[in-house]
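# An overview of the molecular structure
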Amino acid sequence: MDRAQKQVTIEALKGDFAGAGAVVVTHNLGLTVAQMTELRGRLRKEGAHFKVVKNTLAQKALAGSLGEAGDALFAGPVAIAFAPDPVTAAKVTSQYAKENDKLAIRGGFMGETILDVAGVGALALLPSLDQLRSKLIGLVQAPATKIAGVLQAPAGQLARVFGAYAAKDAA
């Protein structure tokens with residue numbers, strides 16, 4: 001890889017890091033191509049990406065913004081998972097790491113905050129942005145549904161009473 005290609009890769013990584021809600025750094029020694037493809041497919045389905053990176057290029061893309069602790073994440077065979085939603089990449093990679101012992105989560109970062117393995121695990125337990133939106137919509141709709149039910153109940157009771165009188169008169 002010549003200098004121009006390295007610079008292009010660094011700029012691409014800077015863009016990936018800037019657009020990511022959170023970046024999960026994984027140690028992927030021993031994963032087969034089929035396993036990597038499966039993980040990439042799972043992440044892609046959720047709107048996330050998985051990329052094998054060169055450690056020195058990732059460190060240059062971060063430009064020392066994470067300090068020594070951030071640079072320590074990038075040692076050995078490393079790949080990153082990232083998505084605009086901070087929870088998605090952590091959730092999918094944590095689930096896959098539980099299923100496959102060859103993928104190990106080393107840590108991650110959100111902006112300039114470094115996450116350890118426990119931090120990534122805690123992030124994975126949070127609901128995703130879509131789940132939060134659906135809960136919020138459910139909470140907003142619930143009172144309106146209850147009000148409609150309460151307002152409709154007396155009219156329904158009156159209709160049943162009139163129906164009972166009509167049936168009585170007809171008999």
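Everything numeric in this text was worked out from a predicted model, so none of it was measured. (Residues numbered from 1 in each chain as written. Predicted model: local features only at pLDDT ≥ 70, side-chain atom pairs only at ≥ 80, totals over all residues. Heavy atoms only, no water.)

### A short note on the overall build of the protein
- Looking only at helices and strands, the protein features seven helices and five strands.
- Along its sequence from the N terminus, the protein presents helices and strands in the succession α-β-α-β-α-α-β-α-β-β-α-α.
- Each principal axis of the C-alpha atoms in the protein carries an extent, and together these give about 95 × 30 × 30 Å.
- Counting all 171 residues of the protein, 33% fall into the buried class.
- Here the analysis covers contacts within the protein between residues at least 6 apart in sequence; of these, 79% occur between residues at least 24 apart.
- A total accessible area of about 10,400 Å² is found for the protein, and carbon and sulfur atoms account for 61% of it.
- The protein carries 19 positive and 14 negative side-chain charges, and their two centres are separated by 4 Å. (Helix = DSSP H or I, 4+ residues; strand = E, 2+ residues; numbered from the N terminus. Buried < 20%, exposed > 50% of the residue type's maximum accessible area, 1.4 Å probe, protein only. Contact = heavy atoms within 4.5 Å. Areas by Shrake-Rupley, 256 points an atom, 1.4 Å probe, with all protein chains shown as cover. Lys, Arg positive; Asp, Glu negative; His and termini not counted. Charge placed at Lys NZ, Arg CZ, Asp CG, Glu CD.)

### Considering the nonpolar core
- Core analysis: the largest hydrophobic core is formed by 23 residues, its most contacted members being Val24, Leu39, Leu43 and Phe50.
- Those elements giving two or more residues to this core turn out to be β1 (22-27), α2 (33-45), β3 (78-83), α5 (88-99) and α6 (117-125).
- In terms of residue count, α5 provides more of this core than any other element does, five residues in total.
- For phenylalanine 50, the residues in contact, after removing those within four places along its chain, are Thr26, Met36, Leu39, Arg40, Leu43, Ala79, Ile80 and Ala81. (Core = buried A, V, L, I, M, F, W, Y, C linked by side-chain atoms within 4.5 Å.)

### Points about the sheet that holds strand β4 (residues 104-110)
- Strand order in the open sheet made by the five strands is β2-β3-β1-β4-β5, with antiparallel pairing throughout. The sheet terminates laterally at β2 (49-53) and β5 (113-115), the two strands that pair on one side only. The average angle at which neighbouring strand axes cross in this sheet is 25°, direction not considered.
- Direction of pairing for β1 relative to β3: antiparallel, over a ladder of six bridges. (Pairing = 2+ DSSP bridges. Axes fitted to C-alpha atoms, helices over the stretch in contact; angles between N-to-C directions.)

### Let's talk about the packing of aromatic side chains
- Under the defined criterion, the tally for this structure stands at one aromatic pair.
- Ring plane angle 75° and centroid distance 5.4 Å describe the contact between phenylalanine 17 and phenylalanine 109, whose orientation is recorded as edge-to-face. One end of the pair, phenylalanine 17, is in helix α1 (residues 3-19); the other, phenylalanine 109, is in strand β4, with 92 residues separating them in the sequence.
- Judged by its relative accessible area of 11%, phenylalanine 17 is buried. (Phe/Tyr/Trp six-rings, centres within 6.5 Å; stacked < 30°, edge-to-face > 60°.)

### Some thoughts on the packing of α2 against α5
- Taken N-terminus to C-terminus, the directions of α2 and α5 make an angle of 150°; their axes are 10 Å apart at the nearest point. Seen from above, α2 lies across α5 with right-handed handedness. Touching Gln35, Glu38, Leu39, Arg42 and Leu43 of α2 are Ala89, Val92, Thr93, Tyr96 and Glu99, all from α5.
- Tallied by class, the residues present in the contact of α2 with α5 amount to five nonpolar, two polar and three charged. (Left-handed = near helix turned anticlockwise from the far one by under 90°. Nonpolar A, V, L, I, M, F, W, Y, C, P; charged D, E, K, R; others polar.)

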